Amino acid sequence: MNLIAAVDNNWGIGKNNSLLIQIPEDMQFFRATTVGNVVVMGRHTLESFPNGRPLPKRTNIVLSGKPDYEVKGATVAHSVSELKKLLADYDTDDVFIIGGESVYRQFEPYCKVAYITKIDYAYDADAHFPNLDEKENWVLHDESEEQTYFDIAYTFTSYYNEDVKEL
């Protein structure tokens, strides 16, 4: 499985159920990387999308503890164990964990690759991604040249997990 996120200098990913910033090139990278694949998210992440709708051209799986929660155009798992059973039907290379914070934290040990857009700014965030730079099993594999969006610098990076847990 894979993780994909944009993080600030403190590994912040959002505030009030919204992204910290929307960088067009990052959004294009996200789209190009996830289209045709499986995206796994929590209910709040789904609800943060335009009209609370699943992402087009992807298999959307939503993790929600609400027993009666249903979403048109998405499969809902009501527990981590149910989600793990659903994911057994897919090639793990085609599965992308896309948020939010608790879903990232629960599935980070089972992911092999993390695609992280690092934004060189510290925002006031209330949701954070696990800091991969502080985890011994995650190794920075690749980093792009610095790019800018107005006055915000960012890089595209990828990390590899050298100790992937079995799902």
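Because the structure is a prediction, the values reported are computed rather than measured.

Draft legend 1. Examining the overall build of the protein chain more closely. The secondary structure content of the protein chain amounts to four helices and 12 strands. At 15 Å, the protein chain has a C-alpha radius of gyration in line with the 15 Å of a compact globule built from 167 residues. When its C-alpha atoms are laid out on the principal axes, the protein chain stretches across 45 × 35 × 30 Å. For the protein chain, the residues scored as buried account for 44% of the 167 residues in total. Of all intrachain contacts in the protein chain linking residues separated by at least 6 positions in sequence, the fraction that spans at least 24 positions is 64%. Looking at the protein chain as shown, the accessible area adds up to about 9100 Å², and 45% of this sits on carbon and sulfur atoms. Between the mean site of the 15 positive side-chain charges and the mean site of the 27 negative ones, the protein chain shows a separation of 9 Å.

Draft legend 2. Geometry of the environment of threonine 34. Take threonine 34: it is sitting in helix H1 (residues 24–34). Residue class for threonine 34 comes out buried when judged on its relative accessible area of 0%. C-alpha of threonine 34 to C-alpha of leucine 87: the two residues are 53 residues apart in sequence and 16 Å apart in space. Setting aside residues up to four positions removed in sequence, threonine 34 forms contacts with Ile4, Val39, Arg58 and Phe96. Reaching out from threonine 34, the side chain makes a polar contact with the backbone oxygen of phenylalanine 30 at a distance of 2.8 Å.

Draft legend 3. Region of interest: the nonpolar core. Counting 27 residues, the largest nonpolar core has Val40, Ile97, Ile116 and Phe129 as its most contacted members. Where this core is concerned, the elements lending two or more residues are strand E1 (2–7), strand E4 (38–42), strand E5 (59–63), helix H3 (80–87), strand E7 (95–97), helix H4 (101–107) and strand E8 (113–119). Formed by 13 residues, the second largest nonpolar core is a distinct cluster that contains Met41, Leu46, Val62 and Ile98.

Draft legend 4. Up close: the pattern of salt bridges. Across all of its chains, the model carries seven salt bridges by this definition. Between glutamate 47 and arginine 43 there is a salt bridge, and its shortest N-O distance comes to 3.3 Å. Within this pair, glutamate 47 and its partner arginine 43 are both found in helix H2 (residues 43–48), separated by four residues, close to a single helical turn. One salt bridge connects lysine 165 with aspartate 163, and the closest N-O pair in it is separated by 3.1 Å. The exposure class of aspartate 163 is partly exposed, given its relative accessible area of 41%.

Draft legend 5. The packing of aromatic side chains, seen in detail. A complete count under the given rule lists 10 aromatic pairs for this structure. Note on tyrosine 149 and phenylalanine 150: the rings are 4.8 Å apart at their centroids and 70 degrees apart in plane angle, and the pair reads as edge-to-face. Grouping aromatic residues by their ring pairs yields a cluster made of Phe29, Phe96, Tyr115, Tyr154 and Phe156. Stacked on the ring of tyrosine 69, the Lys or Arg arginine 43 has its end atom at 5.9 Å from the ring centre.

Analysis parameters
- Residues numbered from 1 in each chain as written.
- Predicted model: local features only at pLDDT ≥ 70, side-chain atom pairs only at ≥ 80, totals over all residues.
- Heavy atoms only, no water.
- Helix = DSSP H or I, 4+ residues; strand = E, 2+ residues; numbered from the N terminus.
- Rg over C-alpha atoms; globule rule 2.2 N^0.38 Å.
- Buried < 20%, exposed > 50% of the residue type's maximum accessible area, 1.4 Å probe, protein only.
- Contact = heavy atoms within 4.5 Å.
- Areas by Shrake-Rupley, 256 points an atom, 1.4 Å probe, with all protein chains shown as cover.
- Lys, Arg positive; Asp, Glu negative; His and termini not counted.
- Charge placed at Lys NZ, Arg CZ, Asp CG, Glu CD.
- Polar contact = N/O pair within 3.5 Å; in protein donor to acceptor, adjacent residues only side chain to side chain.
- Core = buried A, V, L, I, M, F, W, Y, C linked by side-chain atoms within 4.5 Å.
- Salt bridge = Lys/Arg side-chain N within 4 Å of Asp/Glu carboxyl O.
- Phe/Tyr/Trp six-rings, centres within 6.5 Å; stacked < 30°, edge-to-face > 60°.
- Lys NZ or Arg CZ within 6 Å of the ring centre and 35° of its normal.

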